[in-house]
Amino acid sequence: MCVKENIEQVRNRIKKAALTANRDPNEISIVAVSKNIPTTKVLEAIDAGITIIGENRVQELVKKYHNIGKKISWHLIGPLQTNKVKYIIDKVDLVHSLDRISLARELNKRAGAIGNKIQVLIQVNMSRETTKSGIYEEDLFTFVEELVNYPNIQVKGLMTIGPHTNDTVAIRECFKRFRDLFEELKAKELDHIDMQYLSMGMTSDFEIAIEEGSNMVRIGRGIFKDK
Ligand SMILES: *Cc1c(COP(=O)(O)O)cnc(C)c1O
């Protein structure tokens, strides 16, 4: 199956999940995750209507950015080393993986240096798996408060990766808790944050994520893998 057909299928599944939850499918953004995928395939996805590409490594993002350019939106979804911020600051529209103050400081500095602001999501490690990045949920509010000191950072929402399990009940429970956290933070109406995006759901769990309120799904294999 080709990229275009995969995308069609993913769109149909998103639509179905949204309708199950009485939601408008159009409020859900697709981030096509192209890690380890060649530029030619990424271009096929863009031809099929994809407008956001997510990369989890800086080097790969920069390389593809140079081939493809600004006709689509670039998101960095993976762990970001502080010393690599300078390579992506003028290329990326959204960083999904803000997880520490030292990174906030560097993003703030580099964005300021080019007279810009940088939009970010805070990554939360809901499943507490040691292999995953992200702050713990109990640290979220304190973390958000500290970000008031970094005016070039615009917090646009939250990101999480679902637990590594086939247990759909556990996955759903995790996403539900994350949605509650998102709503709680949003309800505070803090001036320095704008809670717009809830980034949760990948190939294996995006339908559950949508049913639980996700409005941004990050899909790699479901789009780029031959089936
Ligand atoms: C790879 C990756 C994805 C996409 O995963 P698939 O299972 O291929 O859909 C989503 N989010 C992050 C952070 C990733 O690293």
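Please refer to the structure higher up on the page.
Basis of the calculations
- Residues numbered from 1 in each chain as written.
- Predicted model: local features only at pLDDT ≥ 70, side-chain atom pairs only at ≥ 80, totals over all residues.
- Heavy atoms only, no water.
- Helix = DSSP H or I, 4+ residues; strand = E, 2+ residues; numbered from the N terminus.
- Rg over C-alpha atoms; globule rule 2.2 N^0.38 Å.
- Buried < 20%, exposed > 50% of the residue type's maximum accessible area, 1.4 Å probe, protein only.
- Areas by Shrake-Rupley, 256 points an atom, 1.4 Å probe, with all protein chains shown as cover.
- Core = buried A, V, L, I, M, F, W, Y, C linked by side-chain atoms within 4.5 Å.
- Contact = heavy atoms within 4.5 Å.
- Near = heavy atom within 4 Å.
- Polar contact = N/O pair within 3.5 Å; in protein donor to acceptor, adjacent residues only side chain to side chain.
- Phe/Tyr/Trp six-rings, centres within 6.5 Å; stacked < 30°, edge-to-face > 60°.
- Lys NZ or Arg CZ within 6 Å of the ring centre and 35° of its normal.
- Pairing = 2+ DSSP bridges.
- Right-handed = clockwise from strand over helix to strand, strands pointing away.
- 1 Å grid on protein atoms, 1.4 Å probe; cavity = no way out; pocket = protein on both sides within 12 Å on 5 of 7 lines; lining within 4 Å.
- Points joined across faces, edges and corners; volume = space filled by probe spheres on them.
- Nonpolar A, V, L, I, M, F, W, Y, C, P; charged D, E, K, R; others polar.
- Axes fitted to C-alpha atoms, helices over the stretch in contact; angles between N-to-C directions.
- Parallel < 35°, antiparallel > 145°, perpendicular 65-115°, else oblique.
- Left-handed = near helix turned anticlockwise from the far one by under 90°.

Draft legend 1. Expanded view of the overall build of the chain. Looking only at helices and strands, the chain features 9 helices and 8 strands. In terms of overall dimensions, the chain is globule-like: its C-alpha atoms have a radius of gyration of 17 Å, near the 17 Å expected for 227 residues. Along the longest, intermediate and shortest principal axes, the C-alpha atoms of the chain span 50 × 40 × 30 Å. Residues classed as buried in the chain amount to 51% of the 227 residues present. Of the roughly 11000 Å² that the chain leaves accessible, carbon and sulfur atoms contribute 47%.

Draft legend 2. A look at the nonpolar core. Core analysis: the largest hydrophobic core is formed by 69 residues, its most contacted members being Leu 80, Leu 98, Leu 107, Ile 122, Leu 140, Leu 147 and Ile 223. Here this core takes 7 residues from helix 7 (residues 168–187), the largest share from any one element. With sequence-adjacent residues up to four places away left out, Leu 98 is seen in contact with Leu 103, Ala 104, Leu 107, Val 120, Leu 121, Ile 122, Gln 123, Phe 143 and Leu 147. In terms of nonpolar packing, the next biggest core, distinct from the first, is built from 8 residues, Val 33, Leu 94, Leu 121 and Met 159 among them.

Draft legend 3. Local environment of the site of the ligand. Contacts to the ligand come from Val 33, Lys 35, Asn 56, Ile 77, Ile 161, Met 202, Thr 203, Arg 218, Ile 219, Gly 220 and Arg 221. The separation between an oxygen atom of the ligand and a polar side-chain atom of Asn 56 is 3.5 Å. A distance of 2.6 Å separates an oxygen atom of the ligand from a polar atom in the side chain of Arg 221. Out of a free accessible area of 390 Å², the ligand has 90% covered by protein chains.

Draft legend 4. Representation of the packing of aromatic side chains in the model. Tallied over the full model, the rule gives 1 aromatic pair. Positioned above the aromatic ring of Phe 141, the side-chain terminus of Lys 188 is 4.6 Å from the ring centre.

Draft legend 5. Just the side chain of Asn 152, in detail. In this structure, Asn 152 sits in the loop between helix 6 (140–146) and strand 6 (153–159). The class for Asn 152 is buried, based on a relative accessible area of 18%. Those residues in contact with Asn 152 that sit more than four places away from it in its chain are Asn 108, Ala 111, Gly 112, Asn 116, Lys 117 and Ile 118.

Draft legend 6. Representation of the pairing of strand 2 (residues 52–55). Side chains of strand 2 alternate between two faces, with Ile 52 and Gly 54 and Ile 53 and Glu 55 buried alike. Two strands pair when backbone bridges link them, and strand 1 (residues 29–33) and strand 2 are joined in this way by 2 bridges, in the parallel orientation. Across the sheet, residue Val 33 finds its bridge partner in strand 2, namely Gly 54. Where strand 2 meets strand 3 (residues 73–76), 4 bridges bridge the pair, whose relative direction is parallel. Residue pairing in the sheet places Glu 55 in a bridge with Leu 76 of strand 3. Each parallel crossover has a hand, and the one from strand 2 via helix 3 (residues 58–68) to strand 3 is right-handed.

Draft legend 7. Representation of the layout of surface pockets. Size it by volume and the largest pocket reaches roughly 730 Å³. Lys 35, Ile 161, Met 202, Arg 218 and Arg 221 are the residues nearest the centre of the largest pocket, which is lined by 31 residues in total. Elements with a minimum of two residues in the lining of the largest pocket: helix 7, strand 8 (216–219) and helix 9 (221–224). Of the residues in the lining of the largest pocket, the class split is 12 nonpolar, 13 polar and 6 charged. Taken as a whole, the second largest pocket spans an internal volume of roughly 270 Å³. Sorting the residues of the lining of the second largest pocket by element identifies helix 1 (3–20) and strand 1 as the ones contributing at least two each. Ranked by residues supplied to the lining of the second largest pocket, first place goes to helix 1 with 5 residues. Split into classes, the residues belonging to the lining of the second largest pocket amount to 6 nonpolar, 5 polar and 3 charged.

Draft legend 8. How the structure looks around the packing of helix 2 (residues 39–47) against helix 3. Viewed as axis vectors pointing N to C, helix 2 and helix 3 meet at an angle of 60°, and their least axial separation amounts to 11 Å. Looking at the two axes, helix 2 sits oblique to helix 3. In this structure, helix 2 meets helix 3 at a crossing whose hand is right-handed. Residue-level inspection shows Thr 39, Val 42, Leu 43 and Ile 46 of helix 2 in contact with helix 3, the latter providing Lys 64, Asn 67 and Ile 68. Taken together, the residues that form the contact of helix 2 with helix 3 break down as 4 nonpolar, 2 polar and 1 charged.

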